[in-house]
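Descriptive structure summary
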Amino acid sequence: MDFKKNPEDGTNGRNECEAIEIIDYDAQNYRAYHLKTADPNDLAGLSVIPEGGVRWINVDAQCEDGLLRALGDAFQIHPLIIENIRNRNQRPKIEEYKDFLYIVAKMIYYAGDSLVSEHMNFILGYRYVITLGETKGDVFGRIRSFLENESAHVRTCGPDYLMYLLLDAIVDGYFDVLETLSDQIDELEERIMESNSQEHLLQIREFKKTLLKLNRNIWPLRDVASLMGKESTELVRATTEPYLRDVYNHIVQAIDTTETCRELLSGLTDLHLSNTSNRLNEIMKVLTIISTIFIPLSFLAGVYGMNFKYMPELGLRWGYGAVWALMLAVAGAMVCYFKKKKWF
Amino acid sequence: MDFKKNPEDGTNGRNECEAIEIIDYDAQNYRAYHLKTADPNDLAGLSVIPEGGVRWINVDAQCEDGLLRALGDAFQIHPLIIENIRNRNQRPKIEEYKDFLYIVAKMIYYAGDSLVSEHMNFILGYRYVITLGETKGDVFGRIRSFLENESAHVRTCGPDYLMYLLLDAIVDGYFDVLETLSDQIDELEERIMESNSQEHLLQIREFKKTLLKLNRNIWPLRDVASLMGKESTELVRATTEPYLRDVYNHIVQAIDTTETCRELLSGLTDLHLSNTSNRLNEIMKVLTIISTIFIPLSFLAGVYGMNFKYMPELGLRWGYGAVWALMLAVAGAMVCYFKKKKWF
Amino acid sequence: MDFKKNPEDGTNGRNECEAIEIIDYDAQNYRAYHLKTADPNDLAGLSVIPEGGVRWINVDAQCEDGLLRALGDAFQIHPLIIENIRNRNQRPKIEEYKDFLYIVAKMIYYAGDSLVSEHMNFILGYRYVITLGETKGDVFGRIRSFLENESAHVRTCGPDYLMYLLLDAIVDGYFDVLETLSDQIDELEERIMESNSQEHLLQIREFKKTLLKLNRNIWPLRDVASLMGKESTELVRATTEPYLRDVYNHIVQAIDTTETCRELLSGLTDLHLSNTSNRLNEIMKVLTIISTIFIPLSFLAGVYGMNFKYMPELGLRWGYGAVWALMLAVAGAMVCYFKKKKWF
Amino acid sequence: MDFKKNPEDGTNGRNECEAIEIIDYDAQNYRAYHLKTADPNDLAGLSVIPEGGVRWINVDAQCEDGLLRALGDAFQIHPLIIENIRNRNQRPKIEEYKDFLYIVAKMIYYAGDSLVSEHMNFILGYRYVITLGETKGDVFGRIRSFLENESAHVRTCGPDYLMYLLLDAIVDGYFDVLETLSDQIDELEERIMESNSQEHLLQIREFKKTLLKLNRNIWPLRDVASLMGKESTELVRATTEPYLRDVYNHIVQAIDTTETCRELLSGLTDLHLSNTSNRLNEIMKVLTIISTIFIPLSFLAGVYGMNFKYMPELGLRWGYGAVWALMLAVAGAMVCYFKKKKWF
Amino acid sequence: MDFKKNPEDGTNGRNECEAIEIIDYDAQNYRAYHLKTADPNDLAGLSVIPEGGVRWINVDAQCEDGLLRALGDAFQIHPLIIENIRNRNQRPKIEEYKDFLYIVAKMIYYAGDSLVSEHMNFILGYRYVITLGETKGDVFGRIRSFLENESAHVRTCGPDYLMYLLLDAIVDGYFDVLETLSDQIDELEERIMESNSQEHLLQIREFKKTLLKLNRNIWPLRDVASLMGKESTELVRATTEPYLRDVYNHIVQAIDTTETCRELLSGLTDLHLSNTSNRLNEIMKVLTIISTIFIPLSFLAGVYGMNFKYMPELGLRWGYGAVWALMLAVAGAMVCYFKKKKWF
Ligand SMILES: [Mg+2]
Ligand SMILES: [Mg+2]
Ligand SMILES: [Mg+2]
Ligand SMILES: [Mg+2]
Ligand SMILES: [Mg+2]
Ligand SMILES: [Mg+2]
Ligand SMILES: [Mg+2]
Ligand SMILES: [Mg+2]
Ligand SMILES: [Mg+2]
Ligand SMILES: [Mg+2]
Ligand SMILES: [Mg+2]
Ligand SMILES: [Mg+2]
Ligand SMILES: [Mg+2]
Ligand SMILES: [Mg+2]
Ligand SMILES: [Mg+2]
Ligand SMILES: [Mg+2]
Ligand SMILES: [Mg+2]
Ligand SMILES: [Mg+2]
Ligand SMILES: [Mg+2]
Ligand SMILES: [Mg+2]
Ligand SMILES: [Mg+2]
Ligand SMILES: [Mg+2]
Ligand SMILES: [Mg+2]
Ligand SMILES: [Mg+2]
Ligand SMILES: [Mg+2]
Ligand SMILES: [Mg+2]
Ligand SMILES: [Mg+2]
Ligand SMILES: [Mg+2]
Ligand SMILES: [Mg+2]
Ligand SMILES: [Mg+2]
Ligand SMILES: [Mg+2]
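Since the model is a prediction, treat every value here as computed from it, not as a measurement.

What counts and what doesn't
Residues numbered from 1 in each chain as written. Chains lettered and ligands numbered in written order. Predicted model: local features only at pLDDT ≥ 70, side-chain atom pairs only at ≥ 80, totals over all residues. Heavy atoms only, no water. Least-squares fit on C-alpha atoms with pLDDT ≥ 70 in both. Contact = heavy atoms within 4.5 Å. Donors = N, O, S within 2.8 Å, 3.2 Å for Na, K, Ca; no water. Helix = DSSP H or I, 4+ residues; strand = E, 2+ residues; numbered from the N terminus. Buried < 20%, exposed > 50% of the residue type's maximum accessible area, 1.4 Å probe, protein only. Buried area = accessible area lost by both parts, 1.4 Å probe. Salt bridge = Lys/Arg side-chain N within 4 Å of Asp/Glu carboxyl O. Polar contact = N/O pair within 3.5 Å; in protein donor to acceptor, adjacent residues only side chain to side chain. Nonpolar A, V, L, I, M, F, W, Y, C, P; charged D, E, K, R; others polar. UniProt positions renumbered as here; feature names shortened; annotations may be inferred. Patch = residues over 30% accessible without salt bridge, like charges linked within 9 Å, V, L, I, M, F, W, Y side chains within 5 Å. Areas by Shrake-Rupley, 256 points an atom, 1.4 Å probe, with all protein chains shown as cover. Lys, Arg positive; Asp, Glu negative; His and termini not counted. Charge placed at Lys NZ, Arg CZ, Asp CG, Glu CD. Pairing = 2+ DSSP bridges. Axes fitted to C-alpha atoms, helices over the stretch in contact; angles between N-to-C directions. pLDDT = per-residue confidence, 0-100. Phe/Tyr/Trp six-rings, centres within 6.5 Å; stacked < 30°, edge-to-face > 60°. Lys NZ or Arg CZ within 6 Å of the ring centre and 35° of its normal.

1. Here we look at the relation of the copies chain B and chain C
With an RMSD of 0.1 Å, chain B superimposes on chain C once it is rotated by 73 degrees and translated 0.2 Å along the axis. Expressed as a symmetry operation, the mapping of one chain copy onto the other fits a five-fold axis. The C-alpha atom lying nearest the rotation axis in chain B is that of Gly305(B); the distance is 4.5 Å. When the interface residues of chain B are mapped onto chain C, a mere 20% of them are again interface residues, pointing to distinct binding faces.

Take a look at the structure:
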């Protein structure tokens, strides 16, 4: 029950299909088809579900207003929910209505290098699940395969178990992102120890933004799974509740992981800043060593470059040699001093 | 149901009108007029509302004490509320009285470049809403258009739905401010990477002050919307409660956004400080490279500038050339050393 | 109902009076007098209050043990309270006893430049309020004026309303201190931008200590006002409760303000540290510019100061001029380099 | 009722006595004696307490296993408690058993310069208190004096009041430590402003460790006092509960004080770091001033030290004087520049 | 009851044994044997436990899927638990089922120098405990010895007491790790004061990661012990509950210790950074002292190295000596200045 998937994988094979995807199933039967019309009359029929079966209605793309309104009429969905489906700037949440649960979650995955956060809406009724995404592609590929398979457990359960599979796939997606992030943080740590570039700090910042995005979206999902795992709602059967409590545990685990990543990142900032300071120390050491060795020597050379008439040393045969000896002695003393201070 | 508006827009058209604005409406009728008197007798009549209708009384400017007292008498408002309306230094809050709810919220918007925070008071009765602002202009322009429109949903609802529209407009205003702030933070990040000015830190500070102001005013509004969305008060009908729970969700979303902005800002401080350090490193590198190359060379020149009588090198034909060669060799060695250390 | 007062003001006029101040009032009558005795028999009579009236007993100075014990006997006060009144090192709190409420709060105000925090004790009975301070002076001057005025609302209310007025005056005093502090923080921000002195950090530290003191004393007062504003105790009448809820709101507002000040202060530390770094950068820039311009020039001068016999350039007519030209070229190149790097 | 005592004071007079200390008292009678035996039979008699009296059994030293087991048998103490008494690495806590309360607290005091934290166990029965410490010496000297005094309130109360006195003495000990720490922090602040030594940081670290130790041991004691102050247990009589609520208030006050100390300490780290930066600035200023004044002058001297044949200035009579004038002018200009920049 | 053990110790003696370890015991009997089969029929018999006895089934290694499924069938374990046992990336938790408790905990210990965190699963039934680890080796060696010993308390108790012993051994293991960490932090503190290496920061980072791992795994275990210590479940008998509350206290103590370690570590970062700054100050001091002493002297030498025709000083007999005297005077003045400033 591990739905890790390549995000491209879900897109391929179903690309460019803008119609509604419908899957009807029960223990014996399975039927998947697409509805290309947005005619309210056609959609009205969607709420008539075959006896004993479960229907999954999936709109995996930008949804037209007409289609949305027609769906809302067919399933008697409150206008506020319709509006909420359109407004992507929302926190994950769960709302109980008389005949269904309305759930909002964020599907988060890497599309190439950039992190995508897709606004997902779920409506869980007694005999159906409606899913409405924002852009093409999802992380539900493996769930479709399960449904096709007659021996799969899900075929004998209600729509609440399908809902669990969908939520679980989304949470597994978070772990994929967190694992990638974790690896990138480790790589960055090594790069920071090797070189000292301002780029590092920008990258830390980028990772922090990713973590913030994840954190903001995982935290409220905790309450969603918690409520569904309790006995409070009839729409989730008692046999499905342990599965949702398991999802809840996964979510808390994911939150723990984001917090671990956060602490690791803030440690990286310290490491980078300390590296910058160390580098300055190294630069200053080089300057100081060179300067303190040669400045006294240059002074000595300057003294014997003076043009006084009466400078007895200048006439001495061994004067020049003696100065060289003195200079070497001074330089040697300086080098010893630095050695003692462990400057090199 | 998205009331984003230009803050100037609300001011225009109603500018310089210091009277009370009154709007009476029901499903069939709509009447908007201004009352320019502050005569208690005239105002006393305000509490007599046409059968089946809703009255919105709006005082959109600094309110005179006489007018306020007269309103208080007409609607039997507790003196403490009158005092609270006058005292602008208050947190958003909600208070239940026998016949009405008293609500305080802050309307926040940019007037040109400066952020304005206007103290707004609402009194929600069974058949009326009274709104009292602090300065001219508000964010309610689109609500007035709704009310004029006979087919608008609000025309068939009570004053609680109007109250929802007013609160929602205020919360939408917060998102406008947060979006502007978010953009400004991104711009600042780019400027920080480009140049190193103390101005950056002052700007970060300015943004932090804005965020603090927002945060202080949004947090307590959460409790206001939460209480109104519950079944606790009769003044908010059951059909309006879901709308207020939606406002609650928007408020929590806004709080999340302020926290995201806050973390981004504190990252900017680090970035600026690191830039300052980096700049120092760069300056010191230049100094160190120049110094360590030329100081030994100057020493050499100094040595052969000494005036000793017996300096064998001085008499050599190729002495001068040899010194130049030595100098170039030393300089070259230094440059190689810095290259190896990746200093340039 | 705004009791801002000059702290000196309360002291003057009643200076050097160490007796007990007693004010008896009802709607018609008002009588204020001082009791200079500490004779238990005299004090025993204090608990006999004129029919229908309210008595305020105020001990506004260091209280002698004898007096305190006599008061305790007269009003049947638990020995623990007597001990608590003596022990000034306490947090604000409220305790319910059978016949009275015991309340501790801190009166905080600037006496000249230093912040004073006075330990205040209140005992609120069914027909009396006893207030016991620590040093001369209080912030209750305006309440005394109210009581003298026959038309004041307080004259028609019980001791619980007087208690509200006293608490409100104390909370208003907090706002005075916070306002002063806020202004001082703004001034400090300007001074920090102007000059770079270690004094700034000491001042930030001083402000932080003030904020800590305020915070420690305002936080627990929140619970005091909260409990009194609820319906839990008969000693506070239902008509007075809204007033205490208003005080509660003021306290929460004051807490918010201390937190805002705190964040502004911690931003100032960053600003100061960044200024110190910037200053170092500036100093190093000056050194580096001067050094990197003149060190190569000095080297050139040094070269032609060497005493080799065969240095062809030395004999050239235009040699000296050429060296000057070369030097100016080198200096110019350096200046261009720094200009390009925007170092000045 | 203020039990501040010199920690040595409790040790003296009772030094080197390894026996069990027993105090029996009621309103009329008082008897204190020591039991030097660890014979189970002798100890079994300890649980037979004189009618109407209270017995305090104090084992003020490292307790032998045999003695502990015998005590456990006499008072029917659960083996887990016996183990807990031996295991000193525990948090303060309270546990209710059928016939007694088991309480753990830490006695903290300075023994000379080092902070001692002694593991204290209390067993509070209906007619006895057993106290078991870890090392010689305690802070209960004044309680012993109270018990000897026939007019003391404690003589008329049960063992719960004695328990209150013991807890109160321990909490008063915390305030002694906090006061010492507070003074040391103030002293350190002054030393930091005077000189710049790495020792300061080590001392801040030492104080932080002390605060951590205090904090870890005071926090859980809060729950102990809170539970005893409520009406939940019969072992604490209603008349003693207010005293325990008072201890609770003292504990909260102590927690507040540790938090204040913590904030003051973290401010000291900033102060020290800023001092280090300032010192660097000062050092660099000296270097820069000397360098920028003399480097250009040395260059000038170098120019006229060149050996070109045709250097017209060299032959001028006033050439040497003019160069000196030029040099003084350059130096003067530099000094003016630094003065203008307020570098000295 | 202190189960500290060398982690290697548990591995030795039982190395390379991949079978299931089974221990049956009651007050009189003890039998330990291994089951090398994974045949479902053989395993089915495992759930038939000798009358009045307790069975401990321990799978101390990577568990094959077949074996796991067979165990699940024998004891009627929910498929979700089977999956949870396989998935090692989980937080500690407790789940109540009809006939057993499912508990997850992390066994943490040093294997040589690297910290190992082993995923442990416990199933506590009315008459059995099943333990499933991840790798060879555990910390249960002393518990096995207890069970062999006929006089051990555990022999007279049910499986809940065995469960307590297992949990207690795991928590004791945390204290071993924390003690090692605490010692390493102290050593690092000394090394940081001695030398200034970037290695220190990496080591602090390593310790922080260890603490994070511990913290993440201890926190949720708190809830496990808390729930087992309450009266909520019949699977834990009333007589065993105090033991689990004791484990709970140990866990809270361990959490306190991780927080103390955390604060000590963050103080070490400050210490290291301050050391780096101090070192820079020292380097700059050396440079500044040498430069400011010799730069003015070199200037003087340069002046008298100029080649002007008319330099009166050059012809003076005592000119050279006078310059030396002047130079020594300047150098002496500089040295005095630095001495006064306490630079050395
Ligand atoms: Mg899964
Ligand atoms: Mg999609
Ligand atoms: Mg999952
Ligand atoms: Mg959040
Ligand atoms: Mg939480
Ligand atoms: Mg889990
Ligand atoms: Mg956590
Ligand atoms: Mg920093
Ligand atoms: Mg307020
Ligand atoms: Mg307005
Ligand atoms: Mg909205
Ligand atoms: Mg707040
Ligand atoms: Mg929303
Ligand atoms: Mg929140
Ligand atoms: Mg007021
Ligand atoms: Mg006073
Ligand atoms: Mg007030
Ligand atoms: Mg707080
Ligand atoms: Mg608050
Ligand atoms: Mg002792
Ligand atoms: Mg005390
Ligand atoms: Mg707490
Ligand atoms: Mg107290
Ligand atoms: Mg506090
Ligand atoms: Mg810092
Ligand atoms: Mg143990
Ligand atoms: Mg194992
Ligand atoms: Mg243990
Ligand atoms: Mg927690
Ligand atoms: Mg413990
Ligand atoms: Mg703690």
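2. Here's the deal with the coordination of the magnesium ion (ligand 16)
By definition of the ideal shapes, a tetrahedral metal site with four donors has angles of 109.5 degrees and an octahedral site with six donors has angles of 90 or 180 degrees. Residue and element names in this part refer to chain C. Protein-derived coordination of the magnesium ion (ligand 16) comes from Asp-60 (OD), Glu-118 (OE), Thr-135 (O) and Gly-137 (O), at a distance range of 2.2 to 2.3 Å. One chain supplies every donor for the magnesium ion (ligand 16), spaced along it as D-x57-E-x16-T-x1-G. With a gap of 77 residues between them, Asp-60 in the loop between strand 3 (54-59) and helix 3 (65-75) and Gly-137 in the loop between strand 7 (128-132) and helix 5 (141-148) connect regions that are remote in the sequence. Residue Asp-60 shares its accessibility class with Gly-137, and that shared class is buried.

3. Things to note about the interface of chain D and chain E
Contact residues are listed per partner, giving 51 residues for chain D and 55 residues for chain E. Taken as a group, Arg205(D), Arg216(D) and Tyr320(D) account for 16% of the area that chain D buries against chain E, more than any other trio of residues on that side. Counting every contact that joins chain D to chain E gives seven salt bridges. Along the contact surface separating chain D from chain E lie 21 residue pairs in polar contact (both at pLDDT 80 or more). For the side of chain D that touches chain E, the secondary structure elements donating two or more residues are helix 4 (79-86), strand 4 (93-96), helix 7 (198-229), helix 8 (241-303), helix 9 (312-315) and helix 10 (319-340) of chain D. Ranked by residue count, the leading element in the side of chain D that touches chain E is helix 8 of chain D, at 19 residues. The residue inventory of the side of chain D that touches chain E, partitioned by class, reads 23 nonpolar, 16 polar and twelve charged.

4. Description of the relation of the copies chain D and chain E
Turning chain D through 72 degrees and shifting it by 0.1 Å along the axis lays it on chain E, with an RMSD of 0.2 Å. Looking at the interface residues of chain D, only 20% of them are also at the interface in chain E, so each copy uses its own face.

5. Regarding the UniProt feature "transmembrane region" (unreviewed entry) in chain A
Residues and elements named next belong to chain A. Following the UniProt record, the feature "transmembrane region" (unreviewed entry) maps to residues 286-306 and 318-338 here. Counting secondary structure, residues 286-306 comes out at 86% helix and 0% strand; the distance between its end C-alpha atoms is 30 Å. Helix makes up 95% of residues 318-338 and strand 0%, whereas the separation of the span's terminal C-alpha atoms amounts to 30 Å.

6. Brief notes about the interface of chain B and chain C
Interface size, as often reported, equals the accessible area lost upon joining of the parts. Every contact between the two is made by 51 residues of chain B and, on the other side, 55 residues of chain C. Surface buried jointly by chain B and chain C totals about 4,700 Å² across both partners, of which 61% is contributed by carbon and sulfur atoms. Put simply, chain B and chain C have seven salt bridges between them. Here Arg91(B) makes a salt bridge to Asp256(C), at a shortest N to O gap of 2.9 Å. Joining chain B to chain C, the criterion identifies 22 residue pairs in polar contact (both at pLDDT 80 or more). Of all the elements in the fold, those that place two or more residues in the side of chain B that touches chain C are helix 4 (79-86), strand 4 (93-96), helix 7 (198-229), helix 8 (241-303), helix 9 (312-315) and helix 10 (319-340) of chain B. Here the element with the most residues in the side of chain B that touches chain C is helix 8 of chain B; it accounts for 19 residues. Within the side of chain B that touches chain C, the residues separate by chemical class into 23 nonpolar, 16 polar and twelve charged.

7. Observations concerning the side chain of Asn58(E)
All names here are of chain E. Assignment of secondary structure puts Asn-58 in strand 3 (residues 54-59). The buried category is assigned to Asn-58, whose relative accessible area is 2%. A distance of 2.7 Å separates a polar atom in the side chain of Asn-58 from a polar atom in the side chain of Thr-131. For Asn-58, the residues in contact, after removing those within four places along its chain, are Ile-20, Glu-21, Thr-131, Asp-138 and Arg-144.

8. As for a negative patch on the surface
All names here are of chain A. On the surface, Glu-179, Asp-183, Asp-186, Glu-187, Glu-190 and Glu-194 cluster together into a patch of negative charge. Looking at where Glu-179 falls in the secondary structure, it is placed in helix 6 (residues 159-194). The class for Glu-179 is partly exposed, based on a relative accessible area of 48%.

9. A few points about unusual backbone geometry
The backbone of Lys342(B) shows a phi angle near 60 degrees, a positive value even though the residue is not glycine. By the element assignment, Lys342(B) lies in the segment after helix 10.

10. As for the sheet that holds strand 1 (residues 20-25) of chain A
All names here are of chain A. Reading across the sheet, the seven strands line up as 2-1-3-7-6-5-4 and stay open at both edges, with mixed pairing between neighbours. This sheet does not close on itself; its edge strands, each paired only once, are strand 2 (30-35) and strand 4 (93-96). For this sheet, the mean inter-axis angle between neighbouring strands, taken without regard to orientation, is 20 degrees. Relative to strand 3 (residues 54-59), strand 1 runs antiparallel, the two sharing five bridges. Pairing of Glu-21 across the sheet is with Asn-58, part of strand 3. Here helix 3 (residues 65-75) sits on the sheet in contact with strand 1, strand 3 and strand 7 (128-132), set at roughly 160 degrees to strand 7.

11. Some points on the confidence of the model for chain A
Residue and element names in this part refer to chain A. Per-chain confidence: chain A averages 88 in pLDDT, with 94% of residues scoring 70 or above. In this model residues 1-17 is a low-confidence stretch, pLDDT under 50, and it forms 38 contacts with partners more than four residues away in sequence or in other chains. Interface confidence for the predicted complex, given as ipTM, is 0.82, next to a pTM of 0.84.

12. A look at the packing of aromatic side chains
Going through the model one piece at a time under the given rule, you end up with 65 aromatic pairs over all chains. A ring pair is formed by Phe75(D) and Tyr128(D), whose centres lie 4.5 Å apart and whose planes are at 50 degrees; its orientation type is tilted. With Phe75(D) in helix 3 (residues 65-75) and Tyr128(D) in strand 7 (residues 128-132), this residue pair connects regions lying 53 residues apart in the sequence. Neither Phe75(D) nor Tyr128(D) differs from the other in exposure class; each is buried. Stacked on the ring of Tyr33(C), the Lys or Arg Arg31(C) has its end atom at 3.8 Å from the ring centre.

13. Considering the environment of Asp172(A)
Locating Asp172(A) in the fold gives a position in helix 6. With 82 residues separating them along the chain, Asp172(A) and Ala254(A) place their C-alpha atoms 9.2 Å apart.

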